[in-house]
Protein chains: 2
Amino acid sequence: MAKKSRKEHEAVGKKLQNLAQVVVKAARFRRDPNIEIPTRALSNSIYDEKRKIIMLGDAKQTRSFFNLSQAKKFMQTMLIASGCNDLNDQGKTTSIRDLFYHCKHTIEGTKENTFDEQSESDPIIEDLEVAIGSLREELGLFAENKGSMVGAMTIVDDGDTIDLRRMGSGGWSVPSIVEKDVIQFKKHETQFILLIEKAAIWKRFNEDRYWEKHKCLILHGGGQPPRGVRRLIYRLHNELKLPVYVLTDNDPWGYYIYSVVKQGSINLAFESARMAVPKARFIGMSSFDVQRFNISHSVTIALKDEDKSRAREIMNYPWFKEKEEWQKEIEQMLKSGVKMELESLSSKDFSFITETYLPEKMKRKLWLD
Amino acid sequence: MAKKSRKEHEAVGKKLQNLAQVVVKAARFRRDPNIEIPTRALSNSIYDEKRKIIMLGDAKQTRSFFNLSQAKKFMQTMLIASGCNDLNDQGKTTSIRDLFYHCKHTIEGTKENTFDEQSESDPIIEDLEVAIGSLREELGLFAENKGSMVGAMTIVDDGDTIDLRRMGSGGWSVPSIVEKDVIQFKKHETQFILLIEKAAIWKRFNEDRYWEKHKCLILHGGGQPPRGVRRLIYRLHNELKLPVYVLTDNDPWGYYIYSVVKQGSINLAFESARMAVPKARFIGMSSFDVQRFNISHSVTIALKDEDKSRAREIMNYPWFKEKEEWQKEIEQMLKSGVKMELESLSSKDFSFITETYLPEKMKRKLWLD
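Calculation rules
- Residues numbered from 1 in each chain as written.
- Chains lettered and ligands numbered in written order.
- Predicted model: local features only at pLDDT ≥ 70, side-chain atom pairs only at ≥ 80, totals over all residues.
- Heavy atoms only, no water.
- Contact = heavy atoms within 4.5 Å.
- Buried area = accessible area lost by both parts, 1.4 Å probe.
- Salt bridge = Lys/Arg side-chain N within 4 Å of Asp/Glu carboxyl O.
- Pairing = 2+ DSSP bridges.
- Helix = DSSP H or I, 4+ residues; strand = E, 2+ residues; numbered from the N terminus.
- Axes fitted to C-alpha atoms, helices over the stretch in contact; angles between N-to-C directions.

Asks: Would you mind showing me how to read the interface of chain B and chain A here?
Replies: Frequently, the measure chosen for interface size is the accessible area removed from exposure when the parts meet. On the side of chain A, 61 residues touch chain B, which itself brings 61 residues to the contact. Taken over both partners, the interface formed by chain B and chain A buries close to 4800 Å², and the fraction arising from carbon and sulfur atoms is 47%. The largest contributions to the chain B side of the interface with chain A come from Tyr 101, Glu 207 and Phe 350 of chain B, which together make up 16% of the buried area. On inspection of chain B and its partner chain A, the count reaches two salt bridges. Here Arg 97 of chain A ties to Glu 341 of chain B by a salt bridge, and the two come within 2.2 Å at their closest N and O atoms.

Below is the structure:
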């Protein structure tokens, strides 16, 4: 069982009970109970120039019980909070789907359900996160595991000591919840963190023991990394002062993956401060690599119209706009009209990527900030 | 690096070189080189009543170089075989996408590519598997990892000793290739294997340490289990004589997942003999569980039309048709008109599934064969 420290446990419990107090107090004074929830929308996301991350603004909305259009949502918010409190009391973790079922029932004397679909409870969970200022992970709610890690480090996961140097071919599966009470970092000889976009490429790096030769941690997030992988990178970067490098395909999606790791996403703007790594470096495939590494044109892929418009959109993100190198990079992609996948390097040799390509890019500092 | 034993290494090499010999010989005798490939199609799949698995029939098709409509495919088959031979020579493993790129190039003096899309090379790999009688995994080709395992067993993964009792919250990520040269089973106190459909439910079982209390291995395959998970279950079942229980949702998809574990699939009929476990038992949610466990109707879900037709289809599979219990089970689903997810048990309590539901089903032998 994932044991929360008594302190964290109590902190979350207190926040949830404070929320309940709002209703108790309102009832006592015969007033309309209502709660304030920060607005999660593009209109309330701002790029913090100083911290270099996307943040949630100050706009709030009131959810009130005596308002007919809000009464059901108010009730649902309280049910979810109560479910999270049960979970916290039992010191357990569970999935967001499980919590949906835990809170779902037919209201006595009616045919009305508290929740009909999980699509109703998921946004309420996000509301609760911002309303009480506790991440989903602190509430004990997890998503599916996605991503693996191996490397020159020992960690403790839920009380078990795990040597990431001896994880075989499969690697350690990165859980959705990687807070300090679950995951602790121990002895390591690691000098940097390499986040690899794709599982298949990560396996090449693991099989070739790149992490051993280059003293690093290698991890992947199965495409766009999930919250667990992002939070883990954040913790490794900040607690152990390890630089972060992101290795992606040469396409707009690869730029975007890097962008989310670096600045956060609009969707999860309220979490940027605990997940974004503004100093992360892009070591992914560059549009200039065709010349640099003499890559055959037969393994490049023509850009589609949506690639082009996506590339132009990304060019105009404030954090890319201010950087000449990034403008050049994306211009070159549009000019050449092609994109490339990491796997295309296998046209040279299966281990070209681990033995020549990446070591050379690291040595020549061919990354983008 | 995944080290193949010299013997296995040589066996695969020999098979690939035998294939090449066909061409060499034909050229020497100035004849049309051609190879025979077993037909992979529904028409060539048969249910073996004795072995109780779906098998590939005897139908074969000839692929010939001097036939205009087959020349390109013949060339591609030889390229893939050659790529696999490179991989085997280097003792490496790689992804099927990587192999696509490895074999992709523009044919000298033309604008023609050997391969344009991976959708061309993937079926050729399957052709090669059946043609030379070596599984993709033996050729060193992997798919993405999907699935995790923990439990009362120590294994060796690629030379690293891994104690599956001490894998923390994330678990050991089951690799795509789990052949004997990569994965070996060591000391264990395991009495059975529990395959759980969903990752989120698996996490509940891990957090509650079900495997420790009940002396078992718990693993999930993230929905329909991938080849790696199926092959691992097969090996555990046959080498260690461990019974296999499959825990799924109560819906036609859950029945189908069980069916594939048990009898194999039409799509991969040529692999059934190395993956199917005809003795696997269905301990998944049954349509009779609503009464047995007094489950609230508010957490059941109405069957859709496609659920109903899928259920009727599955009822008629030869291996379900011959069993009265299975006929009753599926009839009850159709009669009640509802399906259920494993998560719905959380409406009682978060750990109802691990502390009451499954222990009772196991004790009362409420499984289907």
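What follows picks up the thread again.
Asks: Quick question: what am I supposed to make of the sheet that holds strand 11 (residues 183–188) of chain B here?
Replies: Note on sheets: strands pair through backbone hydrogen bonds, and any given pair is parallel or antiparallel. Residue and element names in this part refer to chain B. In space, the three strands of this open sheet follow the order 9-8-11, with antiparallel pairing throughout. The open sheet terminates on both sides in strands that have one partner only, identified here as strand 9 (160–163) and strand 11. Each adjacent strand pair in this sheet contributes to an overall mean axis angle of 25°, direction not counted. Bridge count between strand 8 (residues 153–157) and strand 9: four bridges; the pairing is antiparallel. Within strand 9, the residue paired with Asp 157 across the bridge is Asp 160. Where helix 7 (residues 227–240) meets the sheet, it contacts strand 8 and strand 11, and its direction lies at approximately 50° from that of strand 11.

Asks: Quick question: what am I supposed to make of the sheet that holds strand 11 (residues 183–188) of chain A here?
Replies: All names here are of chain A. What the three strands build is an open sheet, ordered 9-8-11; its pairing is antiparallel. Looking at strand neighbours, the two that pair on one side only are strand 9 (160–163) and strand 11, the edges of this open sheet. Within the sheet, the average angular offset between the axes of one strand and its neighbour, ignoring direction, is 25°. Here four bridges tie strand 8 (residues 153–157) to strand 11, and the two strands are oriented antiparallel to one another. When the sheet's bridge partners are listed, Asp 157 is paired in strand 11 with Ile 183. Here helix 7 (residues 227–240) sits on the sheet in contact with strand 8 and strand 11, set at roughly 50° to strand 11.

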